[in-house]
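# Structural overview for review
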Amino acid sequence: TNSHSTNGSDLWFGNRVYTPSIEGFRPFVGATVGRAKTNAYDEAGSVQSARSVAEQTSNYKYAEGGVRYDSTLDSWVVGTELSTTSDQQQTAEVRVAYKLSKDSIVSVGGQRQWNKEINTNTAFLAVNVKF
């Protein structure tokens, strides 16, 4: 049995352009560029299977498209979003939000992302402020 510990980073920038709302629906397109890095590490354990793994860095970029739907009742917003990317990542999201003011909103929700290699489930709490 071998063991190891490492760390890394994933820095990215993404931008989306939405159409005006069509009865709550807002189609969008976007693009993301980023760099993921995992530091080098040595596995400890059996001398027969111990190994050293070099630092790994990868740059990535992808386009995305999808649709967002929001329904508003007073200060509450319930929404969902479906999207796909040029690197075959699909995302489904649901959220409930409360408008604190005309320019700020707090939301909670969940997201599922999947492709042929990995599935990820996420819960989130977010605060958005328009400038």
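Our structure's up above, just so we're on the same page.
Reading the values: the criteria
- Residues numbered from 1 in each chain as written.
- Predicted model: local features only at pLDDT ≥ 70, side-chain atom pairs only at ≥ 80, totals over all residues.
- Heavy atoms only, no water.
- Helix = DSSP H or I, 4+ residues; strand = E, 2+ residues; numbered from the N terminus.
- Rg over C-alpha atoms; globule rule 2.2 N^0.38 Å.
- Buried < 20%, exposed > 50% of the residue type's maximum accessible area, 1.4 Å probe, protein only.
- Contact = heavy atoms within 4.5 Å.
- Areas by Shrake-Rupley, 256 points an atom, 1.4 Å probe, with all protein chains shown as cover.
- Lys, Arg positive; Asp, Glu negative; His and termini not counted.
- Charge placed at Lys NZ, Arg CZ, Asp CG, Glu CD.
- Phe/Tyr/Trp six-rings, centres within 6.5 Å; stacked < 30°, edge-to-face > 60°.
- Lys NZ or Arg CZ within 6 Å of the ring centre and 35° of its normal.

## Things to note about the overall build of the protein
Each helix and strand counted, the protein has zero helices and nine strands in total. Secondary structure elements in the protein, listed N-terminal to C-terminal, are β-β-β-β-β-β-β-β-β. In summary, the protein has a C-alpha radius of gyration of 20 Å against a globular reference of 14 Å for 131 residues, an excess of more than 25%. C-alpha atoms of the protein, sized along the principal axes, occupy 65 × 30 × 30 Å. Scored against the burial criterion, the 131 residues of the protein give a buried share of 16%. Partitioning the contacts of the protein with sequence separation of at least 6, the portion at a separation of at least 24 is 40%. In the structure as shown, the protein presents an accessible area of about 9600 Å², 56% of it carried by carbon and sulfur atoms. Charged side chains of the protein number 13 positive and 13 negative; the gap between the two group centres comes to 4 Å.

## Here we look at the packing of aromatic side chains
Overall, the coordinates contain four aromatic pairs when judged by the stated rule. Their ring planes at 50° and their centres at 5.2 Å tell us that Y18 and F28 sit as a pair that is tilted. Of this pair, Y18 sits in strand β1 (residues 8-18) while F28 sits in strand β2 (residues 25-38), and the two are ten residues apart along the sequence. According to the relative accessible area criterion, F28 is buried, its value standing at 4%. Ring geometry for F25 versus Y69: centroids 4.6 Å apart, planes at 45°, classification tilted. Of this pair, F25 sits in strand β2 while Y69 is found in strand β5 (residues 56-73), placing the two residues 44 residues apart along the sequence. A residue is classified by how much of its surface remains accessible, and F25, at 43% relative accessible area, is partly exposed. Look at Y69 and you get partly exposed, because its relative accessible area is 28%. The ring of F28 has R16 sitting right over it, with the charged end atom 4.1 Å from the ring centre.

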